[in-house]
Amino acid sequence: GWPTLEHFFAKTPDLSHLENTPIFVVYADDDIIYQHAAVHPIFEQYYPHMASHTSKGQAHCFADPGWEETFADPVINWITNIAE
């Protein structure tokens with residue numbers, strides 16, 4: 001929860017080793033723990049070349065009805081695209 005978020009972002013991490021690493025951030029539209037508006041600006045700052053997706057109708061665990069279409073399919077598509 002928030003303690004993890006606060007701990008991770010308590011100092012600016014050295015992420016230079018990830019500069020050329022593909023990064024895909026998936027947000028849960030109904031996540032009340034890590035809300036998009038709170039974490040997206042931080043992720044954009046740390047991973048400016050990231051790809052991102054918001055899973056509609058999903059909460060924190062991505063286990064709500066329709067997760068296959070709103071969460072799994074976009075992740076599989078992203079992995080497939082970077083593997084080509």
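Presented here is an overview of the structure given in this document. (Residues numbered from 1 in each chain as written. Predicted model: local features only at pLDDT ≥ 70, side-chain atom pairs only at ≥ 80, totals over all residues. Heavy atoms only, no water.)

### Considering the packing of aromatic side chains
- Taken as a whole and judged by the stated rule, the model has four aromatic pairs.
- Seen from their ring centres, Phe62 and Phe71 are 4.4 Å apart, and the 25 degrees between their planes marks the pair as stacked.
- Taking the relative accessible area as the measure of exposure, Phe62 reaches 17% and is therefore buried.
- The class of Phe71 is partly exposed, set by a relative accessible area of 24%.
- Counting every residue linked through ring pairs, the aromatic cluster contains Tyr27, Phe43 and Tyr47. (Phe/Tyr/Trp six-rings, centres within 6.5 Å; stacked < 30°, edge-to-face > 60°. Buried < 20%, exposed > 50% of the residue type's maximum accessible area, 1.4 Å probe, protein only.)

### As for helix 2 (residues 36-46)
- Within helix 2, burial applies to Val39, His40, Phe43 and Tyr46. End-on, the buried residues of helix 2 take up no more than an arc of 135 degrees, which puts them together on one face. For helix 2, the exposed residues set more than 90 degrees away from the buried face come down to Ala37 and Gln45. (Helix = DSSP H or I, 4+ residues; strand = E, 2+ residues; numbered from the N terminus. Arc of directions from axis to C-beta.)

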